[in-house]
Structures are given as C-alpha cells and as structure tokens.
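In case you want the letters, here they are:
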Amino acid sequence: GATDNFCKRVEKLYNIKINVIFSGKEFPLTKTIETHIYRIIQELVNNVVKHSEAEVADVKINYDYPLIEVSVKDNGKGFSLKSVSKGIGLSNIDSRIRFMNGNFKKESSCDGSSFMIRVNLNEISEA
C-alpha cells in the first residue's frame, strides 16, 4: 500500500535500505486513523533520511486488535533527545499521537535510533 510505495521512493532517492515489515492480522482502520499512521511513518522516515546518516531502516507495523504498533528503527548516528523534541516534525507527530490517545517512545544511541508508537483503537474518541 501507501507505506510500501513511499518507502520504495525514499530508498531510490536517498540510497538507503528500508525494510517494511507487517505482522499480525490486519484489520480495517478508519480513513482518519490510517492517514495519521501513514503521516507519522512518513515523518519518521524523513527524519531518518535527513538526520541519521543511516544505511538501513526498519519500518514495522504490527496489528494486534485493538492495538497497532509502529516502529521505525535505523542504524544511524543517533540524535540528542533535546534536539529532537524541538522541531524535526516531532511536534507534528506528537499531536497526531495525542489525537489517537497513543503513546510514543523514542530511544537513541550512537548505534541508531528507534521510535515506537502504540495506539489502542478502543481508546480513540472518534475511531
């Protein structure tokens, strides 16, 4: 779908390997939620490309009704959590995650970064 196509375009443009991995049993999402999740993945992948100097990134989407877990990991140079909280589109992501009542974990070291988003569809006010 859209996520695959987006990641393939990024791979070609920036010469980075992106593995897109879906797991669990997919279930239908509202257009709104689908869009939020797609945009979050887009922003995270763009950040990897712009800031991390990574060669490889993994985008994982795990369906486990009513949970959806999305993680984006890279093998780049890491970032300082301070610089991340200001700017680089994360405030944008934060507001999408708040809208979905989700939670957001960020980890980083010199071996790379990982971002994990967890959304429970039963906890979304307008799903």
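Caption draft 1: Expanded view of the packing of helix 2 (residues 31-52) against helix 4 (residues 90-99). Two elements in contact, helix 2 and helix 4, have axes separated by 10 Å at closest approach and are oriented at 155°. Judged by the angle between their axes, helix 2 and helix 4 are roughly antiparallel. Like other packed secondary-structure pairs, helix 2 and helix 4 cross with a definite hand, here left-handed. For the pair formed by helix 2 and helix 4, the contact residues are Thr32, Ile33, His36, Arg39, Ile40, Glu43, Leu44 and Asn47 on the first element and Leu90, Asn92, Ile93, Arg96, Ile97 and Phe99 on the second. Its residues assigned to classes, the contact of helix 2 with helix 4 comprises seven nonpolar, four polar and three charged.

Caption draft 2: Examining the packing of helix 1 (residues 2-14) against helix 2 more closely. Taken N-terminus to C-terminus, the directions of helix 1 and helix 2 make an angle of 15°; their axes are 11 Å apart at the nearest point. Considering the angle they form, helix 1 stands roughly parallel to helix 2. Between helix 1 and helix 2 the crossing geometry is right-handed. Listed contacts from helix 2 to Ala2, Thr3, Phe6, Cys7, Arg9, Val10 and Tyr14 of helix 1 are Tyr38, Ile41, Gln42, Val45, Asn46 and Val49. Partitioning the contact of helix 1 with helix 2 into residue classes produces nine nonpolar, three polar and one charged.

Caption draft 3: Here's a closer look at the nonpolar core. By size, the foremost hydrophobic cluster in this structure holds 34 residues, and its most contacted members are Leu44 and Ile68. Among the secondary structure elements, those contributing two or more residues to this core are helix 1, helix 2, strand 2 (56-64), strand 3 (67-74), helix 4 and strand 5 (112-120). Apart from the residues within four sequence positions on either side, leucine 44 is in contact with Val72, Leu90, Ile93, Phe104, Phe115 and Ile117.

Caption draft 4: How the structure looks around helix 2. The terminal C-alpha atoms of helix 2, which comprises 22 residues, lie 31 Å apart, in line with the 32 Å expected from a rise of 1.5 Å per residue. Positive backbone phi, at 60°, marks glutamate 53, one or two positions downstream of helix 2.

Caption draft 5: Inspection of the pairing of strand 4 (residues 103-109) at higher detail. Pairing geometry for strand 4 and strand 5, over seven bridges, is antiparallel. By the bridge assignment for strand 5, serine 109 is matched with glycine 112. As consecutive antiparallel partners, strand 4 and strand 5 are separated by two residues.

What counts, and where the lines are drawn
Residues numbered from 1 in each chain as written. Predicted model: local features only at pLDDT ≥ 70, side-chain atom pairs only at ≥ 80, totals over all residues. Heavy atoms only, no water. Axes fitted to C-alpha atoms, helices over the stretch in contact; angles between N-to-C directions. Helix = DSSP H or I, 4+ residues; strand = E, 2+ residues; numbered from the N terminus. Parallel < 35°, antiparallel > 145°, perpendicular 65-115°, else oblique. Left-handed = near helix turned anticlockwise from the far one by under 90°. Contact = heavy atoms within 4.5 Å. Nonpolar A, V, L, I, M, F, W, Y, C, P; charged D, E, K, R; others polar. Core = buried A, V, L, I, M, F, W, Y, C linked by side-chain atoms within 4.5 Å. Buried < 20%, exposed > 50% of the residue type's maximum accessible area, 1.4 Å probe, protein only. Expected span 1.5 Å × (residues − 1). Pairing = 2+ DSSP bridges.

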